[in-house]
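Coordinate analysis (summary)
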Amino acid sequence: AVDCTGHGVPGALLSFIGYFNLNSIADHAEKMNAGEILDSLHLGVRKTLKQDAEDAEARDGMDIALCKINFETRTLNFSGAHRPLYYLNSQKEFIQYKGTMQAIGGKPARKGKEKNFENFEITFNQGEKIFFFSDGLPDQIGGDDGRKYRTGRIRELIEGNPDLTMPQYRDLFEKDFFEWKGNNKQVDDILLIGIEF
């Protein structure tokens, strides 16, 4: 799940740069975990946009939640750039894996502040569920007092309805989102991905 900064032509250009860089990395990523893939993507975007130069002015970047799933070994690698992964295990326990607080690309970090993207390796069982999303959903303004939808509301809907199928979750989130938004303008693109194993 990827969300690029910028709108119009700059946003579209960054989307293409991210898309082609990620595909190129994925073609050779058999032995890389999700964190290493994001490290490579970060460097690729920075190099393409010449953001690695000292006088770089380009500040555009992207947030991403990336999952690499191996169904044979039942392992999931997750890494996020400003995005989390929500995991509902077979005991119906909710677990949050926080992404690294750093974007892909963007303004060069101050000296010594750059960090690698954290990788989480999870062994999953049949019937367990994962959810990841762009910031457009939690940032939506609405409700009775014009507050943000927020990540806590997403968590509550997942945790409070652990037995739903993915189509039922889709219907639940769609209904809840539009009721929350009301007559307010949609503030951003929205992407919510759910997978049941």
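What comes next concerns the included structure.

Each value, and the rule that gives it
- Residues numbered from 1 in each chain as written.
- Predicted model: local features only at pLDDT ≥ 70, side-chain atom pairs only at ≥ 80, totals over all residues.
- Heavy atoms only, no water.
- Axes fitted to C-alpha atoms, helices over the stretch in contact; angles between N-to-C directions.
- Helix = DSSP H or I, 4+ residues; strand = E, 2+ residues; numbered from the N terminus.
- Left-handed = near helix turned anticlockwise from the far one by under 90°.
- Contact = heavy atoms within 4.5 Å.
- Nonpolar A, V, L, I, M, F, W, Y, C, P; charged D, E, K, R; others polar.
- Patch = residues over 30% accessible without salt bridge, like charges linked within 9 Å, V, L, I, M, F, W, Y side chains within 5 Å.
- Areas by Shrake-Rupley, 256 points an atom, 1.4 Å probe, with all protein chains shown as cover.
- Salt bridge = Lys/Arg side-chain N within 4 Å of Asp/Glu carboxyl O.
- Pairing = 2+ DSSP bridges.
- Core = buried A, V, L, I, M, F, W, Y, C linked by side-chain atoms within 4.5 Å.
- Buried < 20%, exposed > 50% of the residue type's maximum accessible area, 1.4 Å probe, protein only.
- Expected span 1.5 Å × (residues − 1).
- Arc of directions from axis to C-beta.
- 1 Å grid on protein atoms, 1.4 Å probe; cavity = no way out; pocket = protein on both sides within 12 Å on 5 of 7 lines; lining within 4 Å.
- Points joined across faces, edges and corners; volume = space filled by probe spheres on them.

The N-to-C vectors of helix 3 (residues 151-159) and helix 4 (residues 166-181) enclose an angle of 140°; their axes lie 11 Å apart at closest approach. Relative to helix 4, helix 3 is oriented so that their crossing is right-handed. Contact residues: R153, I154, L157 and I158 in helix 3; Y169, L172, F173, D176 and W180 in helix 4. Along the lines of polarity and charge, the residues of the contact of helix 3 with helix 4 split into seven nonpolar, no polar and two charged.

A few words on a nonpolar patch on the surface. On the surface, a nonpolar cluster with roughly 380 Å² of combined accessible area is contributed by F16, Y19 and F20. Locating F16 in the fold gives a position in helix 1 (residues 8-26).

Pairing geometry for strand 4 (residues 85-88) and strand 5 (residues 94-97), over four bridges, is antiparallel. Each bridged residue has a counterpart across the sheet, and for L88 the counterpart in strand 5 is F94. If you look at the hairpin formed by strand 4 and strand 5, you'll find five residues sitting between the two strands, and K92 has a positive phi there, around 65°.

Spatially, four strands are ordered 5-4-8-11 in an open sheet, and the strand pairing comes out antiparallel. Where the open sheet ends on each side, the last strands, each with one partner, are strand 5 and strand 11 (192-196). On average, each strand axis in the sheet is tilted by 20° relative to the strand beside it, whichever way the strands run. Helix 3 rests against strand 4, strand 5 and strand 8 (129-133) of the sheet, and its axis sits at about 20° to strand 4. Taken strand by strand, helix 4 contacts strand 4, strand 8 and strand 11, and its axis lies near 35° from that of strand 8.

Our focus in this paragraph is the nonpolar core. With 16 residues, the main nonpolar core has L38, L41, V45, M62, I64, L66 and I104 as its most contacted residues. Apart from the residues within four sequence positions on either side, I64 is in contact with A1, V2, L22, L38, L41, S79, G80, A81, R83 and I104. Ranked by size, the runner-up nonpolar core spans 15 residues in total, among them Y86, I154, L157 and Y169.

With that settled, the discussion passes to the pattern of salt bridges. Think of it this way: side chains of opposite charge can pair up when their charged atoms draw near. Enumeration according to the criterion identifies eight salt bridges in this entry. Between K92 and D163 there is a salt bridge whose closest N-O contact spans 2.7 Å. Taken together, the positions of K92 in the loop between strand 4 and strand 5 and D163 in the loop between helix 3 and helix 4 put the pair 71 residues apart, joining distant regions of the chain.

Moving on, we get to helix 1. In this model, helix 1 (19 residues) spans 27 Å end to end at C-alpha, consistent with the 27 Å of a helix rising 1.5 Å per residue. All of the buried residues along helix 1 are G11, L14, I17, G18, N21 and I25. The arc enclosing the buried residues of helix 1, seen along the axis, measures out at 125°, which places them on a common side. Along helix 1, exposed side chains directed more than 90 degrees from the buried face belong to G8, V9, F16 and F20.

What follows concerns the layout of surface pockets. By volume, the largest pocket is sized at about 320 Å³. Those elements that provide at least two residues to the lining of the largest pocket are helix 4 and strand 11. Per-element tally for the lining of the largest pocket: the top contributor is helix 4, with seven residues. Taken together, the residues of the lining of the largest pocket sort by class into 11 nonpolar, two polar and two charged. Volume-wise, the second largest pocket comes out at about 230 Å³. Surrounding the second largest pocket, 14 residues form its lining, D3, C4, G6, D188 and D189 being those nearest its centre. Of all the secondary structure elements, the ones that give two or more residues to the lining of the second largest pocket are strand 1 (2-4) and helix 1. Partitioning the lining of the second largest pocket into residue classes produces five nonpolar, six polar and three charged.

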